[in-house]
Amino acid sequence: MKSVWVIATLLMGLIILLYVFFSHQKAKVVSAKPIAKAFIELNMSPKKFVEVNWVDQKRGIDRQPAGLDFYSIDWSSTQRGQVFLENGPYSFTFPNTLGVMGTYDRALPEKGIFIFDINGGMAAQSDIYHDEARLRFLEFLTMLKAKGWRTFIRLGDPRLSASQALHYALLKKPGRSVPINVLYSLPIDADIDLDTWMQITDNDWRMYAGDVIMKIGFRRDRSRLDLDKPSDYLFKYEIYNRQELVLDQLGNDERKNAAQIWPQRKLELQEQRHQKELLLEQQGYHIDRSYVDPELVLE
């Protein structure tokens, strides 16, 4: 009789253990939410963008009377997504994104979606300590460099080494908050300490890989600059190709004749660079003549 009682007790314990185990597994499955992902590729058709990303036809497409259409995907600040950029060997994923928007010109359907804008952060939450944001972003830049992305220096700007480029980009006049050379590209491989990081407010990183140009900037909550307390960071990424980069350096009235105007404009910009480099060399700067511009021609 005693043995029957023992066996019954053991069976009851086994049943309880099995119930707890399977309940736990079920709870894990239910609570685990897959990360939302989006796929982008420059010059992809709107149809492809809508289909591969399951875009909401009502909320995700904004057709403007002027002829531009905007295709967007948005996520909440608490359930951020990821955006995968297809760019051959230079492909990568943007983590912790809040949304992506692509621009399409109905008058130029052959271009497909020719610009993508992405917003996001360096963490899953809005608030992050300043130094953590710095370290995570530098880690992101290291990944891009390893993938083959390189700093892009505008044709009219001087070619400087990483440390001097950083100094040049952040140079300010006394009493001014905006750097003198605010449009100068911050280098992808610069060693940025926390003090320098806190000086960056209006500058951008520009880089290229293959035919793709990427501009990266961020905005921090300027009312929360205490290094011992978290702040709010929003990173912005703009993706476009070399053709758009060339057109961006021409006035709206010049774009109709861009193919004829650009060769001479390119020479003018290169001469501007030459003159700036001569002046900076006299001031003690080192010109990085190993820097190679991406080929910028209009097809």
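Small disclaimer: the values here were computed from a predicted structure and weren't measured. (Residues numbered from 1 in each chain as written. Predicted model: local features only at pLDDT ≥ 70, side-chain atom pairs only at ≥ 80, totals over all residues. Heavy atoms only, no water.)

This next bit is on helix H2 (residues 46–53). All of the buried residues in H2 are Pro 46, Phe 49, Val 50 and Asn 53. Buried positions in H2, seen along its axis, are confined to an arc of 95° and lie on one side of it. Seen from the open side of H2, the exposed residues pointing more than 90 degrees away from its buried face are Lys 47 and Glu 51. Of the residues flanking the end of H2, it is Trp 54, one or two places downstream, whose phi is positive at about 50°. (Buried < 20%, exposed > 50% of the residue type's maximum accessible area, 1.4 Å probe, protein only. Helix = DSSP H or I, 4+ residues; strand = E, 2+ residues; numbered from the N terminus. Arc of directions from axis to C-beta.)

A word on the nonpolar core. Counting residues in each nonpolar core, the largest one holds 75 residues, and the members touching the most others are Phe 94, Leu 144, Trp 149, Trp 197 and Trp 205. It is helix H3 (residues 130–147) that provides the largest number of residues to this core, a total of 6 residues. Not counting the four nearest positions on each side in its chain, Trp 197 is found in contact with His 130, Ala 133, Arg 134, Phe 137, Ile 192, Trp 205, Phe 218, Arg 220, Tyr 233 and Phe 235. (Core = buried A, V, L, I, M, F, W, Y, C linked by side-chain atoms within 4.5 Å. Contact = heavy atoms within 4.5 Å.)

Quick look at the pattern of salt bridges now. Applying the stated rule across the entire model yields 20 salt bridges. In this structure, Arg 222 engages Asp 202 in a salt bridge whose closest nitrogen and oxygen atoms are separated by 3.6 Å. You can see Arg 222 sitting in the loop between strand S10 (212–220) and strand S11 (230–241) and its partner Asp 202 sitting in the loop between helix H5 (194–199) and strand S9 (205–209), a full 20 residues away along the chain. One continuous salt-bridge network, built from bridges that share partners, spans Arg 63, Asp 69 and Arg 106. (Salt bridge = Lys/Arg side-chain N within 4 Å of Asp/Glu carboxyl O.)

Burial analysis of S9 places 5 of its 5 residues in the buried class, the great majority of the element. Where strand S8 (residues 150–151) and S9 come together, 2 bridges link them in antiparallel fashion. Bridge pairing links Arg 150 to Tyr 208 in S9. Bridging between S9 and S10 involves 5 bridges; their strand directions are antiparallel. Note on S10: the bridge partner recorded for Met 207 is Met 214. (Pairing = 2+ DSSP bridges.)

The next point concerns the packing of aromatic side chains. As enumerated under the stated definition, the model contains 21 aromatic pairs in all. Between Phe 39 and Phe 84, the ring centres sit 6.1 Å apart and the planes meet at 25°, which makes this aromatic pair stacked. Pair noted here: Phe 39 is in strand S1 (residues 37–40) and Phe 84 is in strand S4 (residues 81–85), with a separation of 45 residues, a long-range link. Assessed through its relative accessible area of 23%, Phe 39 is described here as partly exposed. For Phe 84, a relative accessible area of 28% puts it in the partly exposed group. Centroid distance Phe 94 to Phe 140: 6.4 Å. Interplanar angle 40°. Geometry classified as tilted. Here Phe 140 lies in helix H3 and Phe 94 lies in strand S5 (residues 92–105), a separation of 46 residues in the sequence. Residue class for Phe 140 comes out buried when judged on its relative accessible area of 7%. (Phe/Tyr/Trp six-rings, centres within 6.5 Å; stacked < 30°, edge-to-face > 60°.)

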